[in-house]
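Next come the chains, spelled out residue by residue.
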Amino acid sequence: MKLRTTACLFILVVFLACSNCSWFRVKQTQRIPASEQALPAKTASLEDLIQGINQHSQKIQALKLTVIYQLTGGSINSGEISKYRETDGFVLARRPSWIRLIGQAFKVKVFDMVSDGNQFRIYVPPKNTFILGRNDQEIKGRKDVPINLRPQHIFQALIIDPVSTDNDGNMRVLEEDQEGKHKYYVLSIIGPAKQGVGPLRRKIWVDRFDLRLVRQKLYDEGRMVSDISYREFKDFEGGDYPSVIDFTRPQEDYSLRVRISKAVMNETLRDEQFVLEQPDGTELVDLTQNPKIK
């Protein structure tokens, strides 16, 4: 009996000793640095999130921005990617849907774009071209005329639409997600169902660390038309606003980064600041003739 007890104790000691050996270890614990641990996450209801998004939307009625544009054309889908030189510029935007964008290289204007929500006008001095089009028409890309990048796309990215609270038949679905140390609420807006199927219209990501809207995707009958992200928020004149906005337009096959160095919110912008007439001697490209409507 004594011999058996001694043998059991010996086996137990050997087991405990070997459990510290790497070849015998069944569990490894690694301490995650504090800088890489998940950020604290606030809690909000669906109603709270919609209210916060709408408050952020309503507080911006006009924008005056000094920016740098970085345009990338093409994608892995087209098999070709073209990165264009960074361009200094300015943006004027005013609800409900007015926007004007000017781009300059070495203080020489390289484009001037205007949209009133219905039509857009684009003047391209290097090509001596003036383009007229409608926002609701389908336009195929052309190598001779730069029409992929259109002003209403940028308006959608800069001034966020509110989330309707009306009983409009849309479904609102809330889920949670996490990427790295950031936790998110993801709000999906789904259109009224037809034969049990509703089209996805919009997805909104809210960072649970500070409940800021940091990303949104826009859809047309379930087809993604714009993927927009917001980061590096700063306290500009008039309030908090992202200093970097990235968005991708997969249907038009381009992406754009807008870096904002100066922002003024809700300054009064006059109607004449959004007027762009065709300069004398320029070639007119009128896309409104027999357009294919979306």
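Fair warning: this is a prediction, and the values are worked out from it, not measured in the lab.

Draft legend 1. Up close: the packing of aromatic side chains. Evaluated as defined, the whole model comprises 3 aromatic pairs. Aromatic pair Phe247 and Tyr254: ring centres 6.2 Å apart, planes at 75°, arrangement edge-to-face. In terms of burial, Phe247 and Tyr254 fall into one category: buried. Of note, Arg215 hangs over the ring of Trp205, and the distance from its end group to the ring centre comes to 4.6 Å.

Draft legend 2. Just helix α2 (residues 46–58), in detail. Its 13 residues place the ends of α2 18 Å apart at the C-alpha level, agreeing with the 18 Å of an ideal helix rising 1.5 Å per residue. Leu49, Ile50, Ile53, Asn54 and Ser57 are the residues of α2 that are buried. Buried residues along α2 cover an arc of 130° about the axis, so they all sit on one side. In α2, the exposed positions angled more than 90 degrees off the buried face are occupied by Glu47 and Gln58. Buried-residue contacts for α2 involve β9 (171–179), β10 (182–190), β11 (200–207) and β12 (212–220).

Draft legend 3. Structural context of the environment of Pro250. For Pro250, the position within the fold is in the loop between β14 (239–249) and β15 (254–265). Through-space distance from the C-alpha of Pro250 to that of Asp227 is 8.5 Å; in sequence the pair is 23 residues apart. The residues touching Pro250, leaving out its near neighbours within four places in the chain, are Met224, Val225 and Ser226.

Draft legend 4. View of the environment of His56. Topologically, His56 is positioned in helix α2. Owing to a relative accessible area of 21%, His56 belongs among the partly exposed residues under this scheme. When the C-alpha positions of His56 and Pro162 are compared, they lie 8.4 Å apart, and in sequence the two are 106 residues distant.

Draft legend 5. Structural view of the nonpolar core. In terms of nonpolar packing, the biggest core is built from 50 residues, with Leu63, Leu158, Tyr241 and Ile260 touching the most fellow members. Ranked by residues supplied to this core, first place goes to β15 with 6 residues. For Leu63, the contacting residues outside a window of four places in its chain are Val91, Leu92, Ala93, Leu158, Ile159, Tyr241, Val264, Met265 and Leu269.

Draft legend 6. How the structure looks around the pattern of salt bridges. Counted by the stated rule, this structure contains 18 salt bridges. Among the ionic pairs, Arg134 bridges to Asp136, the shortest N-O distance being 3.0 Å. Using a relative accessible area of 29% as the deciding quantity, one classes Arg134 as partly exposed. Asp246 is the salt-bridge partner of Arg231, the closest N and O atoms lying 3.5 Å from each other. With Arg231 in strand β13 (residues 223–236) and Asp246 in strand β14, the pair connects residues that are 15 residues apart, well separated along the chain.

Draft legend 7. Representation of the pairing of β10 in the model. Burial analysis of β10 places 7 of its 9 residues in the buried class, which makes it a mostly covered element. Bridge count between β9 and β10: 9 bridges; the pairing is antiparallel. Residue Glu176 lies in a different strand from β10, and its bridge partner there is Tyr185. As consecutive antiparallel partners, β9 and β10 are separated by 2 residues, and within that stretch Gly180 has a phi angle of approximately 65°, a positive value. Inspection of the sheet shows β10 paired to β11 by 7 bridges, in the antiparallel sense. Among the inter-strand pairings, Ile189 is bridged to a residue of β11, identified as Arg202.

Thresholds applied
Residues numbered from 1 in each chain as written. Predicted model: local features only at pLDDT ≥ 70, side-chain atom pairs only at ≥ 80, totals over all residues. Heavy atoms only, no water. Phe/Tyr/Trp six-rings, centres within 6.5 Å; stacked < 30°, edge-to-face > 60°. Buried < 20%, exposed > 50% of the residue type's maximum accessible area, 1.4 Å probe, protein only. Lys NZ or Arg CZ within 6 Å of the ring centre and 35° of its normal. Helix = DSSP H or I, 4+ residues; strand = E, 2+ residues; numbered from the N terminus. Expected span 1.5 Å × (residues − 1). Arc of directions from axis to C-beta. Contact = heavy atoms within 4.5 Å. Core = buried A, V, L, I, M, F, W, Y, C linked by side-chain atoms within 4.5 Å. Salt bridge = Lys/Arg side-chain N within 4 Å of Asp/Glu carboxyl O. Pairing = 2+ DSSP bridges.

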